[in-house]
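A structural walkthrough
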Amino acid sequence: MSKKTRDFYHIQDRLPIAWRYLSANALSHTAEISALSASIEEQWQELQPASSEIRDFYSLINRKIEVLESALRELTSTEDVNEQQINNPQKLVEVSLSSSGLGFFSERVAEEDEHIQITLFFDTVGTNLCMLATVLESRLSADSENPGYWVRVRFAREQDEEIDQLLAHVTQRQIERLSRSQVQNGTN
């Protein structure tokens, strides 16, 4: 019997979460930035081999773009978190969390293939994360005592800093569970 290995971290958890649909404008900017980044990379590959001066210049321009994108994300995230706290407060819900996506309980339905923004609070790293995602599935909850929907999403690419914080949270939770398991096994 072969064992299937996982190439990502995965946990079941309870987290404060809120979500909202992305505006078409926000989505078009995200798509436009991704398309421009891909075009720049293609052009860079055609210029190879480049002199050390050109490589240095490219590195500086690339770093400037990364800093500007990060600043834009922070500005947008701060505004969106404040807006969500007023219009769509976070609720503590059961989640299935991995580096590639999230499954969570929602009181309202999510439309499949829609782009959403999810705000999660990770107490292990003490931060709210705003992440872009696409809805893969939204199905009616089978639990009659908790009416609502189970929503599965896949995180958008190019969210490396957010994924790093998510993985730090997942790793910390896994360490906590292993510690509890070792204590229980040692006392039995």
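Each chain has its residues counted from 1, following the order in which its sequence is written. In keeping with the predicted nature of the model, local features appear solely for residues at pLDDT of at least 70, side-chain atom pairs appear and are counted solely at 80 or more, and the whole-chain, interface and lining totals rest on all residues. Here the side-chain values reflect all heavy atoms present in the structure, with hydrogen atoms and water set aside.

Taking strand neighbours around the barrel as the criterion, the six strands line up as β1-β2-β3-β6-β5-β4 in a closed arrangement whose pairing is antiparallel. Here the strands of the sheet are splayed against their neighbours by 45° on average, with no regard to which way each runs. Strand pairing is assigned whenever DSSP identifies at least 2 bridges connecting the two strands. Put simply, DSSP H or I for four residues or longer makes a helix, DSSP E for two residues or longer makes a strand, and each gets a number counted from the N terminus. Taken together, the seven bridges between strand β5 (residues 127-140) and strand β6 (residues 149-155) define a ladder with antiparallel strand orientation. In the sheet register, V135 faces β6, and the bridge partner there is V153. Orientation is described by lines fitted to C-alpha atoms, with helices fitted over the stretch in contact, and by angles between N-to-C directions that extend from 0 to 180 degrees.

Our focus in this paragraph is a negative patch on the surface. Among the surface-exposed residues, E111, E112, D113 and E114 lie close enough to one another that they form a single negatively charged patch. Of note, E111 is situated in the loop between β3 (101-106) and β4 (115-122). The rule is simple: take the accessible area with a 1.4 Å probe, protein chains only, and divide by the maximum for that residue type; under 20% is buried, over 50% is exposed, in between is partly exposed. For E111, a relative accessible area of 44% gives the class partly exposed. Candidates for patches are residues over 30% relative accessible area with no salt bridge; among them, like charges are joined within 9 Å and nonpolar side chains (Val, Leu, Ile, Met, Phe, Trp, Tyr) within 5 Å. Each accessible area value is a Shrake-Rupley result obtained with a 1.4 Å probe; residue values ignore everything except the protein chains displayed when judging cover. Should a side-chain nitrogen of Lys or Arg be within 4 Å of a carboxyl oxygen of Asp or Glu, the pair is scored as a salt bridge. Positive charge is attributed to Lys and Arg, negative charge to Asp and Glu, and no charge count is given to His or to the chain ends. Charge coordinates come from a single atom per side chain, which is NZ of Lys, CZ of Arg, CG of Asp or CD of Glu.

In terms of nonpolar packing, the biggest core is built from 24 residues, with L97, L102, F104, I118, L120, V153 and F155 touching the most fellow members. For this core, the secondary-structure elements that each account for two or more residues are β1 (10-21), β2 (91-98), β3, β4, β5, β6 and α3 (160-187). Other than its neighbours up to four places away in sequence, F104 contacts I17, W19, V93, E94, V95, I118, Y149, W150, V151 and V153. Among buried residues, those of type Ala, Val, Leu, Ile, Met, Phe, Trp, Tyr and Cys that are joined through side-chain atoms within 4.5 Å constitute a nonpolar core. Note on definitions: a residue-residue contact is assigned when non-hydrogen atoms from the two residues lie within 4.5 Å.

Moving on: the pairing of β1. Where β1 and β2 come together, eight bridges link them in antiparallel fashion. Considered in β2, the bridge of R14 is made with E94. Sheet topology note: the β1/β4 ladder contains five bridges and is antiparallel. Within β4, the residue paired with A18 across the bridge is T119.

Another point: the pattern of salt bridges. If you walk through the whole model with that rule in mind, you get seven salt bridges. The salt bridge involving K91 is made with E107; its shortest N-O contact spans 2.8 Å. A residue pair is termed long-range when its members are at least 10 positions apart, and K91 in strand β2 and E107 in the loop between β3 and β4 qualify at 16 residues. For K91, a relative accessible area of 41% puts it in the partly exposed group. Classification of E107 by relative accessible area gives exposed; the value is 57%. One salt bridge in this structure joins E176 and R173, with 3.3 Å as the shortest N-O distance. Within this pair, E176 and its partner R173 are both found in helix α3, separated by three residues, close to a single helical turn. One network of salt bridges, in which partners are shared, links D13, D123, R173 and E176.

Moving on, we get to the confidence of the model for the chain. Looking at the chain as a whole, the pLDDT averages 79, with 78% of positions reaching at least 70. By mean pLDDT, helix α2 (residues 52-87) is the weakest element of the chain at 66, and β6 is the strongest at 93. Across residues 1-7, confidence stays below pLDDT 50; counting only partners more than four residues off in sequence or on other chains, it has zero contacts. For residues 78-87, every residue scores under 50 in pLDDT, and the model assigns this stretch 13 contacts once sequence neighbours within four places are set aside. Each residue gets a pLDDT score, which is the predictor's confidence in that residue and runs from 0 to 100.

Along the chain, L97 turns up in strand β2. L97 sits in the buried class, given a relative accessible area of 0%. Remark: the alpha-carbon pair of L97 and R14, spanning 83 residues in sequence, is separated by 9.8 Å.

A few words now on the pairing of β6. In this sheet, β6 lies alongside β3 in antiparallel orientation, the contact comprising six bridges. If you follow G103 over to β6, its bridge partner there is R152.

The next subject is unusual backbone geometry. Residue D113 is not a glycine yet carries a positive backbone phi of 70°. With respect to the element layout, D113 can be found in the loop between β3 and β4. Even without a glycine there, the phi angle at E158 is positive, about 65°. Given a relative accessible area of 59%, E158 falls into the exposed group.

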